[in-house]
Amino acid sequence: MGFGRRNNEEIVKEEVMVWDCTSETCKCWIRDNFKSSETPKCPICGSEMVKTTRELQVVNNNSIYSK
């Protein structure tokens, strides 16, 4: 039975560029490597977003195409 097993793999975190929604009532944010345009709008409320950083688990986006 594997129910009691723990994942012993270390979670790798690093400082990541993200876009935060500027709306006071919205808590949406997007990783920079997952944005859909150069300066994204909030997908939840449509407000402007600002670039900032967060300490997050490393996630690679393999769907980014070379230009």
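All values reported here derive from a predicted model rather than from experimental measurement.

Definitions and cut-offs
The residue count restarts for each chain, going from 1 along the sequence in the order it is written. Note on the predicted model: pLDDT of at least 70 is required for a residue's local features to be given, and 80 or more for side-chain atom pairs to be given and counted; whole-chain, interface and lining totals, by contrast, use all residues. Side-chain numbers here rest on the full set of heavy atoms in the structure, without hydrogens or water. Numbering of helices and strands starts at the N terminus; helices are DSSP runs of H or I of at least 4 residues and strands are runs of E of at least 2. Relative accessibility decides the category of a residue: with a 1.4 Å probe and only protein chains considered, values under 20% of the type maximum give buried, values over 50% give exposed, and everything between is partly exposed. Residues are treated as being in contact if the distance between any of their heavy atoms lies within 4.5 Å. Strands qualify as paired when DSSP identifies two bridges or more between them. Between N or O atoms, a polar contact is any pair within 3.5 Å; within protein, one atom must be a potential hydrogen donor and the other a potential acceptor, and residues adjacent in sequence are included only when both atoms are from side chains.

**Topic: the overall build of the protein chain**
Part 1: Helix and strand counts for the protein chain stand at zero helices and three strands.
Part 2: Each helix and strand of the protein chain, ordered N terminal to C terminal, gives the series β-β-β.
Part 3: Burial status across the protein chain gives 21% buried among its 67 residues.
Part 4: Here the analysis covers contacts within the protein chain between residues at least 6 apart in sequence; of these, 60% occur between residues at least 24 apart.

**Some words on the pairing of strand 1 (residues 13–21)**
Part 1: The pairing of strand 1 with strand 3 (residues 49–57) spans nine bridges and is antiparallel. Residue Asp20 lies in a different strand from strand 3, and its bridge partner there is Val50.

**Remarks on the environment of Lys35**
Part 1: Topologically, Lys35 is positioned in the loop between strand 2 (29–31) and strand 3.
Part 2: Classification of Lys35 as partly exposed rests on a relative accessible area of 24%.
Part 3: For the pair Lys35 and Trp19, spaced 16 residues apart in sequence, the C-alpha separation works out to 8.3 Å.
Part 4: Apart from residues lying up to four places away in sequence, Lys35 is in contact with Trp19, Ile30 and Pro40.
Part 5: Within the structure, the side chain of Lys35 is placed 3.1 Å from the side chain of Asp32, a separation counted as a polar contact.

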